[in-house]
Amino acid sequence: MDWLADGYGLVLRAFLLTIELGVVAGVFSMLLGVLLAAARVGPVAVLAKAAATYVLVFRNTPLLMVFVFVFVALPKVDIPQLSFFAKGVLALTLYTSAFVCEAVRSGVNSVPLGQAEAARAVGLTFGQTMQEVVLPQAMRAALPPLASVLIALMKNTSVAAAFGLIEATARMRFFTNDNADVRTVIFLVFAIGYVVIVELMSAGAFTLERRWRVAR
Amino acid sequence: MSLTAESPQAASRPPGDALVVLDHVDKWFGDLHVLQDINLSIRRGEVVVVIGPSGSGKSTLCRTVNRLETIDSGTISLDGRPLPAEGKELARLRAEVGMVFQSFNLFAHKSILENVTLGPVKVRGVPKAEAEEKARRLLDRVGVGAQASKYPAQLSGGQQQRVAIARALAMEPKVMLFDEPTSALDPEMIKEVLDVMVDLARGGMTMVVVTHEMGFARTAANRVVFMSDGQIVEENEPETFFTDPRSDRAKDFLGKILKH
Ligand SMILES: Nc1ncnc2c1ncn2[C@@H]1O[C@H](COP(=O)(O)OP(=O)(O)O)[C@@H](O)[C@H]1O
Ligand SMILES: [Mg+2]
């Protein structure tokens, strides 16, 4: 395990980048996804249509293609210089927010219509009704699918390995290239790293779910 | 226990000027002419019971008054002003019209206290402490003060419906709409809700109540409006309506519900 003794700083830094990509893209995906979901269920037909089209495009495009689009096509349209990290976050966000939108939308649809009607009857505006009554309940219902989406995102960060970002998967390839004799061990170590991160996320989601269930 | 002692519109009977006026109101659901040329004027302090067969348009009528349903022609006005179409104005109108639903519709993720304070705090901008104090008073009055920190699912149907009434009252509405408030309740809980409603009526609240509870109609209503197939077929004061209905449709309907 010489490679690990010598290189564990590199391993940690690589996983840190994986987590950074996952967390930053996760936050942006949640923001964009919730906005898209609000547009989809909202009363403005044009916005609903636009959001539906967005979801149609990005949910059905392979993630690798979204990356190619952001890294190869976007520079052509001369968008201000983005770092590799920012481009990676952008690609992951474009893709993941479509799934967040659908998870949140299914959550919204699970909230009985009477809840929104009661809110409107009390005099809340559409925005207040969404914010105070519908979304909090929708998020509870959407938590399990959202957890799946965010876990998939964390693993999807590995696609960035092919685009110059030395996150965990890229680092693993360097190690296996240099230490061909212990490939399996290297693979196992990195796999365990991913498993630990994902299990932590699952545990977090489970805790939230339980707390929210008690709060009903 | 007087529910409306502090209510500004606590007028003494007999009822006053017209508060809610529906003038030649028509509404369609696709091909279904669900409200047909409805003319109805409800005076301040009046209690109107709406009765009629299932599917006759009673809920729809109720819901047009706070514009949960739009109408296709005619006008509805509240306190002399036509209902606003959309946006902030409409939200303000809805705050002045209390609504109690058959299925309670308490906010499932909020405590009983929060259910009652949400409207005053968010719509009226009442400071939270003040809203809570008032909410507790209202909850005490409808007899569920002890449940303030619980969640709706932890309450019985009768308790939930009384909370729903308190939630509507917290906005100090000019008129209260009740859409079959006791239909989803077990028999032993119906009385506790009706008692609260009778009390409200006595306190001078203007009320439109869709219900088949004849006891309530006889005790508290000034007028019974009988609907059938989207039309107001007959209206009269309760005693006369129940003992001597004029139209065949009303006779037929009363015959059916009296059999049970
Ligand atoms: N949102 C809707 N879309 C289409 N039809 C509806 C809708 N709401 C009610 N209806 C129909 O309108 C008629 C009247 O309904 P409703 O006002 O609920 O009657 P009631 O409360 O007297 O039972 C019924 O035939 C019902 O099926
Ligand atoms: Mg009905």
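Note that the structure is a prediction, hence the values are computed from the model and not measured.

### Observations regarding the overall build of chain A
And then number 1: Counting its regular elements, chain A contains eight helices and zero strands.
And then number 2: In chain A, the succession of α and β elements from N to C terminus is α-α-α-α-α-α-α-α.
And then number 3: Taken over the C-alpha atoms alone, chain A extends approximately 70 × 50 × 25 Å along its principal axes.
And then number 4: Of the roughly 11200 Å² that chain A leaves accessible, carbon and sulfur atoms contribute 68%.
And then number 5: The positive charge centre, built from 17 side chains, and the negative charge centre, built from 12, are 10 Å apart in chain A.

### Brief notes about the confidence of the model for chain A
And then number 1: This prediction gives chain A a mean pLDDT of 89; 95% of its residues lie at or above 70.
And then number 2: Per-element mean pLDDT across chain A ranges from 83 in helix H7 (residues 168-178) of chain A up to 96 in helix H2 (residues 45-59) of chain A.

### Digging into the packing of aromatic side chains
And then number 1: Inspection of the entire model under this criterion finds 12 aromatic pairs over all chains.
And then number 2: Ring geometry for Phe241(B) against Phe242(B): centres 5.4 Å apart, planes inclined by 75°, an arrangement best described as edge-to-face. Neither Phe241(B) nor Phe242(B) differs from the other in exposure class; each is buried.
And then number 3: Counting every residue linked through ring pairs, the aromatic cluster contains Phe15(A), Phe175(A), Phe190(A) and Tyr194(A).

### Details of unusual backbone geometry
Residue and element names in this part refer to chain B.
And then number 1: Backbone geometry at His 24 places phi at a positive 50°, although glycine is not the residue there.
And then number 2: With respect to the helices and strands, the residue His 24 is situated in strand E1 (residues 18-29).
And then number 3: Relative accessible area serves as the criterion here: at 42%, His 24 is assigned to the partly exposed category.
And then number 4: Its identity as a non-glycine residue notwithstanding, Glu 180 has a phi of 45°, on the positive side.
And then number 5: Looking at the element boundaries, Glu 180 is found in the loop between strand E7 (175-179) and helix H6 (187-202).

### A closer look at the pairing of E7(B)
If a strand is regular, its side chains alternate between the two faces of the sheet.
Residue and element names in this part refer to chain B.
And then number 1: Among the five residues that make up E7, five are buried, leaving the element largely enclosed by the rest of the structure.
And then number 2: Relative to E7, strand E6 (residues 97-100) is paired through four bridges, and the arrangement is parallel. From the neighbouring strand, Met 99 faces E7, where its bridge partner is Leu 177.
And then number 3: Note: E7 against strand E8 (residues 206-210), five bridges, orientation parallel. Among the inter-strand pairings, Met 176 is bridged to a residue of E8, identified as Met 207.
And then number 4: With H6 bridging E7 and its parallel neighbour E8, the resulting β-α-β unit is right-handed.

### Observations concerning the site of ligand 1
Residue and element names in this part refer to chain B.
And then number 1: In the neighbourhood of ligand 1, the contacting residues comprise Phe 29, Leu 32, Val 34, Pro 53, Ser 54, Gly 55, Ser 56, Gly 57, Lys 58, Ser 59 and Thr 60.
And then number 2: In the environment of ligand 1, an oxygen atom lies 3.2 Å from a nitrogen or oxygen atom belonging to the backbone of Ser 56.
And then number 3: With respect to ligand 1, the backbone of Gly 57 contributes an N or O atom lying 3.0 Å from an oxygen atom.
And then number 4: Expressed as a share of its isolated accessible area of 560 Å², the protein-covered part of ligand 1 is 58%.
And then number 5: Of all the elements in the fold, those that place two or more residues in the shell around ligand 1 are strand E2 (32-43) and helix H1 (58-65).
And then number 6: If one sorts the elements of the shell around ligand 1 by residue count, H1 sits on top with three residues.
And then number 7: In the shell around ligand 1, the residues fall into four nonpolar, six polar and one charged.

### Looking at helix H4 (residues 84-110) of chain A
And then number 1: With 27 residues, H4(A) should reach 39 Å at 1.5 Å per residue; the first-to-last C-alpha distance of 39 Å fits that figure.
And then number 2: Remark: the principal bend of H4(A), roughly 30°, maps to Thr96(A).

### Some details on the interface of chain B and chain A
And then number 1: With 23 residues of chain B at the interface, the matching set in chain A holds 19 residues.
And then number 2: Buried surface at the junction of chain B and chain A, both sides included, amounts to about 1900 Å², of which 60% is carbon and sulfur.
And then number 3: Looking only at chain B, the three residues that lose the most surface to chain A are Phe107(B), His109(B) and Lys122(B), adding up to 29% of its buried area.
And then number 4: At the junction of chain B with chain A, the criterion picks out three salt bridges.
And then number 5: A salt bridge links Glu117(A) to Arg63(B), with the nearest nitrogen and oxygen atoms 2.5 Å apart.
And then number 6: Joining chain B to chain A, the criterion identifies eight residue pairs in polar contact (both at pLDDT 80 or more).

Rules behind the numbers
Residues numbered from 1 in each chain as written. Chains lettered and ligands numbered in written order. Predicted model: local features only at pLDDT ≥ 70, side-chain atom pairs only at ≥ 80, totals over all residues. Heavy atoms only, no water. Helix = DSSP H or I, 4+ residues; strand = E, 2+ residues; numbered from the N terminus. Areas by Shrake-Rupley, 256 points an atom, 1.4 Å probe, with all protein chains shown as cover. Lys, Arg positive; Asp, Glu negative; His and termini not counted. Charge placed at Lys NZ, Arg CZ, Asp CG, Glu CD. pLDDT = per-residue confidence, 0-100. Phe/Tyr/Trp six-rings, centres within 6.5 Å; stacked < 30°, edge-to-face > 60°. Buried < 20%, exposed > 50% of the residue type's maximum accessible area, 1.4 Å probe, protein only. Pairing = 2+ DSSP bridges. Right-handed = clockwise from strand over helix to strand, strands pointing away. Near = heavy atom within 4 Å. Polar contact = N/O pair within 3.5 Å; in protein donor to acceptor, adjacent residues only side chain to side chain. Nonpolar A, V, L, I, M, F, W, Y, C, P; charged D, E, K, R; others polar. Expected span 1.5 Å × (residues − 1). Bend = angle between axes of the 7 residues up to and from the residue. Contact = heavy atoms within 4.5 Å. Buried area = accessible area lost by both parts, 1.4 Å probe. Salt bridge = Lys/Arg side-chain N within 4 Å of Asp/Glu carboxyl O.

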